[in-house]
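Notes for the structure review
Here is how the chains run, residue by residue.
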Amino acid sequence: MILEERPDGAGTGEKSARLQGCDSLTQTQRGQLQSRRARIYQQINKELQMRTGAENLYRATSNSRVRETVALELSYVNSHLQLLKEELEELSGGTDSGRHGSEAVTVPMIPLGLKETKELDWSTPLKELISVHFGEDGTSYEAEIRELEALRQAMRTPSRNEAGLELLTTYYHQLCLLDARFLTPARSLGLFFQWYDSLTGVPAQQRALAFEKGSVLFNIGALHTQIGARQDRTCIEGAHCAVEAFQRAAGAFSLLRENFSNAPSPDMSAVSLCALEQLMMAQAQECVFEGLSPPASMAPRNCLAQLHLAQEAAQVAAEYRLVHRTMAQPPVHDYVPVSWTTLVHVKAEYFCSLAHYHIAMALCDGSPATEGELPAHEQVFLQPPTFSNPRGPALPLELEERRKLGKAHLKRAILGQEEALRLHMLCRVLREVDLLRAVVAQALQCSLAKYSELDCEDDFCEAAEAPDIRPKTRQKPEARMPCLSQGKGPDIFHRLGPLSVFSAKNRWRLVGPIHLTRGEGGFGLTLRGDSPVLIAAVIPGGQAAAAGLKEGDYIVAVNGQPCRWWRHAEVVAELRAAGDAGASLQVVSLLPSSGLPGLGDRRPTLLGPRGFLRSQREHGCQTPACTRASPRPLLGWSRKTQQGKTGGRLQPCAPAKVAPPSPSELPGRL
């Protein structure tokens, strides 16, 4: 607010009073904002209590009619919660997603609400697994468990920006590491992962960690939709950012659809994900059109430019028709909100009418076409060719014929815009979205004004039938993989050791400490690799063989210092520095993985006196040749066979290239 001095020479006392009034007004506005926040928080708490009661009734009853009624109530509560959270986010950010401070009006998009979840106690199963399988004190990892729980708690309410995406991908990366370290096909953590359906609000739960990972990946895609819907698409940069966001969202849903099966919630079923993917691609195509379409004051007068805009609008209409057909069919029709289906239908009619409007502008206001331009123009219409005109209809060159055909296209544009307004008024939810009605009504006024300009009093000829417009785009959006690598960070359970050895998929026994002295021929062993360093060979009759070291053992401690993450050169340097006095080593020996006990299976025959797994040599087993585990892809939780999937589908990761061996991989003899 700018304060100006009155021309009648008001004194300083009056100016002071005005300043005090400004301060009180500011305080009043802040108080109103805080009151609105408090009211929204109260409504959110009320909705959460209602959801808890409905959820308990849904679980307790076995009556199918009661369950249907409760599921409908949960859907309403879930929708109301999403609206309240979006309103709270707008209050906190101080932004208006409708106009973005611009006079131009844009068509609203459809963002997805995030899946919600309840708190989870990781402590008990992780401590038990660390104690039973890894042979370490589980209570010593309380700090790591608290860090994991804090990360999950923060992930439940991410901010609607890039920081929120990074938070979700960070937690997703930690889930992949947990899967690789603690889980096997025969073992689960014993936790129930409960998530609420994003579309219906009905709770679902599974023991599989894959459900947790899939739900987080769904939220990554949903957050991309919210970021795309909040962009200022009146400028080219905002439209490009929205296209990128919707492409990432479609990629996330496509990745989830191809790698997750047996979904316990409707929003993660294959048909629902396919519909959401189509919706995101249609919205991306709409943003492409908005980036190409200039403001009304800068509309091109060139005929060819108007034809290109017409085909771009027809492409958007075709995309939304496909989405509408998918949403109108069961079972997607039972899950998707009715307002979404209606909005998609309205957009299909609106953009189809917009295509006819641009054709009319090309015919009436554009520069006349020349003979050299006609071959390009003939590709605009979908009317089938005839015997006399095998290449299909062409744009007329005479002004009167152009006026009549333009009038016919304007008539179709007006009918389509009126139909869009009718569909908009039939939906109770969309009636509250004045922004959409304003966009369609503004387009209808432009079409009516142009039609009245072309209409002549002495024109008694019946208007020709306008042909359909061929959809075509110069920029076809494609689903893009979300940036799952941006949230990569250090493994929370880094202290347990490298995943190639220290995971639930392997069994080992701890041997040592072993005192190793240097002989005339050295220590009598060959080391190779990093983190941990592998004993690649043991010379028969040497010092290492006499001390009991075996080929395939991993060195985990040297002279009392843990060296699970040491490099090859560091271990070699420590051994050479020991001199004639020798060094104290602690190693682990891998055991066969068959017969791995579950989390609750504590057979004493497999455990030694110190809680570690007994040596396989005591049972006459042979140590298998050690191989380093290949890098685990981020989507290692897939339940579908990925063999033979090529071409056109998103791959979780590119095939690894074979690199020449590093110096640490070359054997070093000591």
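Residues numbered from 1 in each chain as written. Predicted model: local features only at pLDDT ≥ 70, side-chain atom pairs only at ≥ 80, totals over all residues. Heavy atoms only, no water.

Labelled according to an unreviewed UniProt entry, the protein appears under the name Rhophilin Rho GTPase binding protein 1, originating from Callithrix jacchus.

Next up on the list: the packing of helix α3 (residues 123-132) against helix α4 (residues 142-155). Two numbers describe how α3 lies on α4: the axes approach to 11 Å, and their chain directions differ by 145°. By crossing handedness, the relation of α3 to α4 is classed as right-handed. Along its contact with α3, which presents S123, L126 and K127, the element α4 presents E142, I145, L148 and E149. Looking at the contact of α3 with α4 residue by residue, the class counts come to three nonpolar, one polar and three charged. (Axes fitted to C-alpha atoms, helices over the stretch in contact; angles between N-to-C directions. Helix = DSSP H or I, 4+ residues; strand = E, 2+ residues; numbered from the N terminus. Left-handed = near helix turned anticlockwise from the far one by under 90°. Contact = heavy atoms within 4.5 Å. Nonpolar A, V, L, I, M, F, W, Y, C, P; charged D, E, K, R; others polar.)

Across all of its chains, the model carries nine aromatic pairs by this definition. Aromatic side chains W122 and F193 sit 5.8 Å apart centroid to centroid with 55° between the ring planes, which places their arrangement in the tilted category. Separated by 71 residues along the polypeptide, W122 in the loop between α2 (64-93) and α3 and F193 in strand β1 (residues 193-196) bring together distant segments of the chain. For the pair W122 and F193, one class covers both residues: buried. Among the aromatic side chains, those forming a connected cluster through ring pairs are F134, F182, F493, F502 and W508. The ring of Y141 is capped by R495, whose NZ or CZ atom sits 4.1 Å from the centre of that ring. (Phe/Tyr/Trp six-rings, centres within 6.5 Å; stacked < 30°, edge-to-face > 60°. Buried < 20%, exposed > 50% of the residue type's maximum accessible area, 1.4 Å probe, protein only. Lys NZ or Arg CZ within 6 Å of the ring centre and 35° of its normal.)

Negative phi characterises most residues that are not glycine, and trans characterises most peptide bonds. Backbone torsion omega between P330 and P331 reads 0°, so that peptide bond is classified as cis. Looking at where P331 falls in the secondary structure, it is placed in the loop between α9 (303-328) and α10 (332-335). A cis geometry characterises the amide bond from S531 onward to P532, with omega recorded as -5°. Its place among the elements puts P532 in the loop between β4 (525-528) and β5 (533-538). Phi angles above zero are rare outside glycine, and S531 is one such case at about 45°. For S531, the position within the fold is in the loop between β4 and β5. Residue classification places S531 among the buried positions, given a relative accessible area of 16%. One non-glycine residue with positive phi stands out, namely N559, at about 55°. Take N559: it is sitting in the loop between β6 (554-558) and β7 (561-562).

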